[in-house]
Amino acid sequence: MKLNDAKAFVGHQVHVCRFREAGTLLRWMGDDLTGKRVLDVAGGDGYWAGQARKRGADAVSIDLARGKMLYGRTLKHNPALIECDALKLPFADGSFDALLSVCAIEHFDDGGKALDEMSRILKPGGELFMSADVLSRSHDWPKLREAHCAKYHVQHTYTHESLAGLLGDRDMELADYSYQFRSRTTERLYLSLSAYGGRVGFNAAAPLTPLVALADRRSPNDRGSIVLIRARKKG
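In this report, we go over the structure that sits alongside the text. (Residues numbered from 1 in each chain as written. Predicted model: local features only at pLDDT ≥ 70, side-chain atom pairs only at ≥ 80, totals over all residues. Heavy atoms only, no water.)

1. Points about the state of the cysteines
Following the criterion strictly, the structure yields zero disulfides and no others. Just so you know, Cys17 is unpaired, no disulfide at all, and the nearest cysteine sulfur is the one on Cys103, 7.8 Å from it. The buried category is assigned to Cys17, whose relative accessible area is 1%. Free cysteine Cys149: the closest other cysteine sulfur is in Cys103, separated by 12 Å. Residue class for Cys149 comes out buried when judged on its relative accessible area of 18%. (Disulfide = S-S within 2.5 Å. Buried < 20%, exposed > 50% of the residue type's maximum accessible area, 1.4 Å probe, protein only.)

Right, here's the structure in full:
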């Protein structure tokens, strides 16, 4: 394994959030993606699109962060990397079988516009696998919420209900959803890591992943820090 691949593995998979989050979205997408065209919207260095490519997909990742994309081109399983705006995708209508987007929509000024574009380029019957910030209880800790939103440029938060409404207006229907960091304790952990630990904190907290997963299984699937959704385009 090359040094950059090892660093990418640690950065993306040795992580208290992303390993379960992106891993669940990819599990929903399927183990064999041969013949499927997959786009990761706001995919940064393209690491997760690269995991789809490992499963046989013709994978593409788009982002505006040129530095991350230049780094992504050095990775072993790098997808096609295209610098462009998620609110104005340079692809033909119905040109992808599946779309992936890992905690990106909350950063967009206009999440509805991003979903317009995702629906447009998704084939009828195609699927969207997406996660978003919810921060269900964050108003209980306003300073943590403020620090999180400022640090990560969070413009909006979503729930599975609000996303279902937005998707329904765009000819897509919610098929499945799951919340992560569901309990009060784990949600405060998420915000504390975000506010004070940053990326290094999320990586350092990776050993807590099994405990967070256990707490999630014991808590109702109706709120949390992050929501994961699976949706299908009608037709």
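From this point, things continue past the structure.
2. Brief notes about the packing of aromatic side chains
If you walk through the whole model with that rule in mind, you get five aromatic pairs. Aromatic side chains Tyr47 and Trp48 sit 5.0 Å apart centroid to centroid with 85° between the ring planes, which places their arrangement in the edge-to-face category. A residue is classified by how much of its surface remains accessible, and Trp48, at 7% relative accessible area, is buried. On the basis of an interplanar angle of 80° and a centroid distance of 6.1 Å, the ring pair of Tyr177 and Tyr179 is categorised as edge-to-face. Overall, Tyr179 belongs to the buried group, its relative accessible area being 1%. Taken together through their ring pairs, the aromatic side chains of Phe181, Tyr190 and Phe202 make up a single cluster. (Phe/Tyr/Trp six-rings, centres within 6.5 Å; stacked < 30°, edge-to-face > 60°.)

3. Describing the sheet that holds strand β3 (residues 80-83)
The strands making up a sheet associate through hydrogen bonds between their backbones, and the pairing can be parallel or antiparallel. With respect to topology, seven strands assemble into an open sheet ordered β3-β2-β1-β4-β5-β7-β6, the strand pairing being mixed. Only two strands of the sheet have a single partner each, and these edge strands are β3 and β6 (172-180). Each neighbouring strand pair of the sheet contributes to a mean axis angle of 15°, computed without reference to strand direction. Sheet topology places β6 next to strand β7 (residues 226-233); eight bridges connect them, and they run antiparallel. Bridge pairing in β7 links Tyr177 to Ile229. (Pairing = 2+ DSSP bridges. Helix = DSSP H or I, 4+ residues; strand = E, 2+ residues; numbered from the N terminus. Axes fitted to C-alpha atoms, helices over the stretch in contact; angles between N-to-C directions.)

4. Re the packing of helix α1 (residues 3-13) against helix α3 (residues 47-54)
Taken N-terminus to C-terminus, the directions of α1 and α3 make an angle of 105°; their axes are 11 Å apart at the nearest point. In this view, α1 runs roughly perpendicular relative to α3, as classed from their interaxial angle. Residue-level inspection shows Ala8, Phe9, His12 and Gln13 of α1 in contact with α3, the latter providing Tyr47, Trp48 and Gln51. The class makeup of the residues in the contact of α1 with α3 is four nonpolar, three polar and no charged. (Parallel < 35°, antiparallel > 145°, perpendicular 65-115°, else oblique. Contact = heavy atoms within 4.5 Å. Nonpolar A, V, L, I, M, F, W, Y, C, P; charged D, E, K, R; others polar.)

5. Things to note about a nonpolar patch on the surface
A surface patch of nonpolar side chains, amounting to about 210 Å² of accessible area, comprises Phe9, Val10 and Val14. Structurally, the position occupied by Val10 is in helix α1. For Val10, a relative accessible area of 41% corresponds to the partly exposed category. (Patch = residues over 30% accessible without salt bridge, like charges linked within 9 Å, V, L, I, M, F, W, Y side chains within 5 Å. Areas by Shrake-Rupley, 256 points an atom, 1.4 Å probe, with all protein chains shown as cover. Salt bridge = Lys/Arg side-chain N within 4 Å of Asp/Glu carboxyl O.)

6. A word on the pairing of β7
In terms of burial, β7 is a largely internal element, seven of the eight residues being buried. Note that strand β5 (residues 122-133) and β7 share seven bridges and pair antiparallel. Across the sheet, Ala132 pairs through a bridge with Val227, a residue of β7.

7. What to know about the side chain of Ser119
Topologically, Ser119 is positioned in helix α5 (residues 111-121). In contact with Ser119, not counting residues within four places along its chain, are Arg170, Met172 and Lys233.

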